[in-house]
Amino acid sequence: MQKSCKNVYITTPIYYVNDIAHIGHAYTTIIADMLARYSRLVGHNTYLLTGTDEHGQKIAQSAEARGKTPKEYADEISGKFRALWDDFDISYDQFIRTTDENHKVGVQKAFSKMFEKGDIYKGEYEGFYCVPCETFYPESQLVDEQFCPECARATILVKEESYFFKLSKYEDKLLKWYEDNPDCILPRAKKNEIVNFVKNELKDLSISRTSFDWGVKLPESMNEPRHVMYVWLDALLNYTTALGYGTDEKNMDFWPANIHLVGKDILRFHAIYWPAFLMSLDLPLPKHIAAHGWWTRDGEKMSKSKGNVVNPKEVADAYGLDAFRYFLLREVPFGQDGDFSQKALINRINSDLGNDLGNLLNRIIGMSGKYFNFNVSSKDVEKFHKKELDEVNTIIDSLESYIYNMQINKYLEEIWKTLSIANKAITDYEPWNLMKENKEDEAMALVALITNIMSKASLLLDSVMPHKIKDIASSLGIEISTENYNKLIIEKKLIDDIKITKVDALFPRIEEVLLSQPEVSDVTVLQKDVSKYESKEELEPLELDGLNLITIDNFFETTIKIGTIVEANEVPKSSKLLILKVDLGENRTRQILAGIKEFYSASELIGTQACVVANLKPVKLMGYLSEGMLLAAKDEDGLSLIRPEKPKKIGTKIS
Ligand code: MSP
């Protein structure tokens, strides 16, 4: 974040609506929310943007697989994201959807402007495309000639007319921007890979597609009704259309963004494409693009197939939203990958939150109640505790820079040092003995010291744990406000008269029993804790007649379509394989290798229909790419292809 500016604009990525939110989405959003809350408390006019990314081939496919229109599906999942952020009390000022009308208008205006500037030209794209990542890759970057270098899934070969953005034109300007702005990419260490990419691999970018239509159409003036915009052009522009770019411009004075928060996997889009688009649009560039690392679970990559994806709602419901926020922000240095385990979370809750923070509040309540009937004055704190106050103030002075450098874990670590100073002061000065020795002034100064430290810590921690901190603040009788922030943090003043109120323990100890069952996996424990949120299906048996049961969603992960075989040939030197061209109603035919040569001749297959698994990862067989599989049944009498009883329209989905 930039220092001392009036308007502060913070963004999260907009999330694809092909799936519900997981811990990664919650992480980015919580960091953004923390920064926004901090910025507001400091006194900046702050705007936090989040939302959903709803166009593109991936969403169209997910919707189709569920028998919904893309818009119906997007409405449903976008609604779930929004409901989760509301549930998490994310303080967003706007939730943008790329299907919003004014966004689409803004995107078309941007396209026209880039075109008028001579930055867009028409050509033909031939290359590989990863649908899950919505990314084009040159062949040189593929793994084993066909797999996505990012997510390892199979790419598809795309050959279509396309408009291109002259990205290569911006190489020098981009390099100069990185050079002149050492903190434009955070953590700084991430900049090298971006600079190398720009120096070595920058090519013009295909920015329109014609093989599907779920996207923003090109502006009418282009007269290209078959083209929709590449989803990343559409998506990145959300950061400006949200402020009214191309429509009412009403919040454009928030531009440029102070910080775009992103995960490391989408840094390239934000640190290369986005600034180049902005240069083309003659708009100022964002101040910072900050890329966080990825979360694993118990040391393993999370995936739906492993069933180990951390559901943020389950965790927050089971352990408390603020504890979860604290854990996410404290556990991992920003930019590095982190591991989620219940053990680590419980440790943080019991140790940092229970022992250090919660216990300190209990001690304040206990001592102020017992010795001073809950009324304490700060008048002698300077006199008896200048040393501790100086130590605390030195720490406080260092804190701001941790926020500006996105070292949020360090920010928290340092605040915890102030809590240690308070806890240590109690041990060192033994207020119970001071009371016995009739040194009431000294005892009062001590209780006031720790109450002031706690109050300062509360102001500093409000952005991290806004709900629990409100409870602490009300127990201490202070308000979390910019005025108090200025007084206690900036001017380093003390609270004059303190009136303490009792509250229940804020972070009750979570029992170790949760963890002391080695035979129960961590995953199982979590599911047990949150059983009330489990859906009914998950409680049903996993097997039937010796078969593993799947849900209807599992079934729909396989797309089976009716296709017509339009070409069939023998594969040279293979006794089993035929090489087929199958029409599945797409804008190209699929090449499929089938081990059916012993049972069918090539010529008898041409013009017949078959059932094809259409979303199988492509593989290479005997040097030929195979992009699907025909369904067949084989018994002792031989093999038969499975076909519809009566001819069906090409591309019809089997369900
Ligand atoms: N729609 C694009 C972003 C467009 S922004 C103009 C997109 N969406 S996403 O839903 O796939 O991912 C959103 C964010 O979640 C990314 O920042 C990504 O890094 C983050 N994460 C996805 N899995 C993650 C983890 N396992 N851990 C941490 N963050 C991860 O990309």
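Residues numbered from 1 in each chain as written. Predicted model: local features only at pLDDT ≥ 70, side-chain atom pairs only at ≥ 80, totals over all residues. Heavy atoms only, no water.

An unreviewed UniProt entry lists the chain under the name Methionine--tRNA ligase, from Aliarcobacter thereius. Check the Catalytic activity (unreviewed entry) section of the UniProt entry for the chain; it says "tRNA(Met) + L-methionine + ATP = L-methionyl-tRNA(Met) + AMP + diphosphate". (UniProt positions renumbered as here; feature names shortened; annotations may be inferred.)

Draft legend 1. Seen up close, the environment of Leu 488. Inspection of the secondary structure assignment puts Leu 488 in helix 18 (residues 482-490). Leu 488 sits in the buried class, given a relative accessible area of 2%. If we skip the residues at most four places from it in the chain, Leu 488 touches Ser 455, Lys 456, Leu 459, Lys 493, Leu 494 and Ile 495. (Helix = DSSP H or I, 4+ residues; strand = E, 2+ residues; numbered from the N terminus. Buried < 20%, exposed > 50% of the residue type's maximum accessible area, 1.4 Å probe, protein only. Contact = heavy atoms within 4.5 Å.)

Draft legend 2. Structural detail: the layout of surface pockets. A volume near 290 Å³ is recorded for the second largest pocket. Listed by contribution, the elements that provide at least two residues to the lining of the second largest pocket are strand 4 (120-130), strand 5 (135-137), helix 6 (191-201), strand 8 (205-206) and helix 9 (267-280). Considering every element that reaches the lining of the second largest pocket, the biggest residue donor is strand 4, with three residues. (1 Å grid on protein atoms, 1.4 Å probe; cavity = no way out; pocket = protein on both sides within 12 Å on 5 of 7 lines; lining within 4 Å. Points joined across faces, edges and corners; volume = space filled by probe spheres on them.)

Draft legend 3. Broad picture of unusual backbone geometry. Residue Pro 187 follows Leu 186 across a cis peptide bond; omega there is -10 degrees. Cis geometry marks the peptide bond from Trp 255 to Pro 256; its omega dihedral reads 5 degrees. Here Pro 256 is to be found in the loop between helix 8 (238-241) and strand 11 (259-263). With a phi angle near 55 degrees, Asp 282 is a residue other than glycine that sits in the positive phi range. Relative to the assigned elements, Asp 282 resides in the loop between helix 9 and strand 12 (288-292). Classification of Asp 282 as exposed rests on a relative accessible area of 53%. Phi at Asn 373 is positive, roughly 50 degrees, even though this residue is not glycine. Within the secondary structure layout, Asn 373 lies in the loop between helix 12 (342-372) and strand 15 (375-377). Given the relative accessible area of 55%, Asn 373 is considered exposed.

Draft legend 4. Representation of helix 18. Where helix 18 is concerned, the buried positions are Asn 484, Tyr 485, Leu 488 and Ile 489. Down the axis, helix 18 shows its buried residues gathered within 105 degrees of arc, on one side only. Among the exposed residues of helix 18, those oriented more than 90 degrees off its buried face are Glu 483 and Ile 490. The elements touched by buried residues of helix 18 are helix 1 (23-42), helix 13 (381-404) and helix 16 (440-461). Taken from the residues just after helix 18, Lys 492 is the one with a positive phi, measuring 60 degrees. (Arc of directions from axis to C-beta.)

Draft legend 5. Quick look at the sheet that holds strand 8. Strand order in the open sheet made by the four strands is 5-4-6-8, with antiparallel pairing throughout. Each edge of the sheet is formed by a strand with only one pairing partner; in this case those strands are strand 5 and strand 8. As judged from the three bridges shared by strand 4 and strand 5, these two strands associate in the antiparallel manner. By the bridge assignment, Tyr 129 is partnered in strand 5 with Phe 136. (Pairing = 2+ DSSP bridges.)

Draft legend 6. Quick peek at the site of the ligand. Taken together, the neighbourhood of the ligand is formed by 23 residues, with Ile 14, Asp 53, Gly 263, Asp 265 and Trp 295 sitting nearest. Between a nitrogen atom of the ligand and a main-chain N or O atom of Ile 14, the distance comes to 2.8 Å. In this structure, a nitrogen atom belonging to the ligand sits 2.8 Å away from a main-chain N or O atom of Trp 295. Isolated, the ligand exposes 670 Å² of accessible area, and the fraction of that covered by the protein chains is 93%. (Near = heavy atom within 4 Å. Polar contact = N/O pair within 3.5 Å; in protein donor to acceptor, adjacent residues only side chain to side chain. Areas by Shrake-Rupley, 256 points an atom, 1.4 Å probe, with all protein chains shown as cover.)

Draft legend 7. Examining the UniProt feature "short sequence motif: 'HIGH' region" (unreviewed entry) in the chain more closely. When the UniProt feature table is mapped to this numbering, "short sequence motif: 'HIGH' region" (unreviewed entry) covers residues 15-25. For residues 15-25, helix accounts for 27% and strand for 18%, while the C-alpha atoms at its two ends are 7 Å apart.

Draft legend 8. Quick look at the pattern of salt bridges. In the structure shown here, the tally under the stated rule is 43 salt bridges. For the salt bridge of Asp 33 with Arg 325, the shortest nitrogen-to-oxygen distance reads 2.7 Å. In this pair, Asp 33 sits in helix 1 while Arg 325 sits in helix 11 (residues 321-331), placing the two residues 292 residues apart along the sequence. Both residues of the pair, Asp 33 and Arg 325, belong to the buried class. Salt-bridge contacts for Asp 380 lead to Lys 379; the nearest nitrogen and oxygen are separated by 3.2 Å. A residue is classified by how much of its surface remains accessible, and Asp 380, at 12% relative accessible area, is buried. For Lys 379, a relative accessible area of 62% puts it in the exposed group. Members of the salt-bridge network, linked through shared partners, are Arg 330, Lys 410, Glu 413, Glu 414 and Lys 417. (Salt bridge = Lys/Arg side-chain N within 4 Å of Asp/Glu carboxyl O.)

Draft legend 9. Focus on the nonpolar core. Among the nonpolar cores identified, the biggest contains 189 residues, and Trp 85 and Tyr 178 are the most heavily contacted of them. With 13 residues, the single largest contributor to this core is helix 12. Apart from the residues lying within four places of it in its own chain, the contact partners of Tyr 178 are Cys 184, Ile 185, Lys 191, Ile 194, Val 195, Val 198, Ala 271 and Ile 272. Counting residues in hydrophobic clusters, the runner-up holds 18 residues, among them Val 582, Leu 584, Ala 594 and Leu 641. (Core = buried A, V, L, I, M, F, W, Y, C linked by side-chain atoms within 4.5 Å.)

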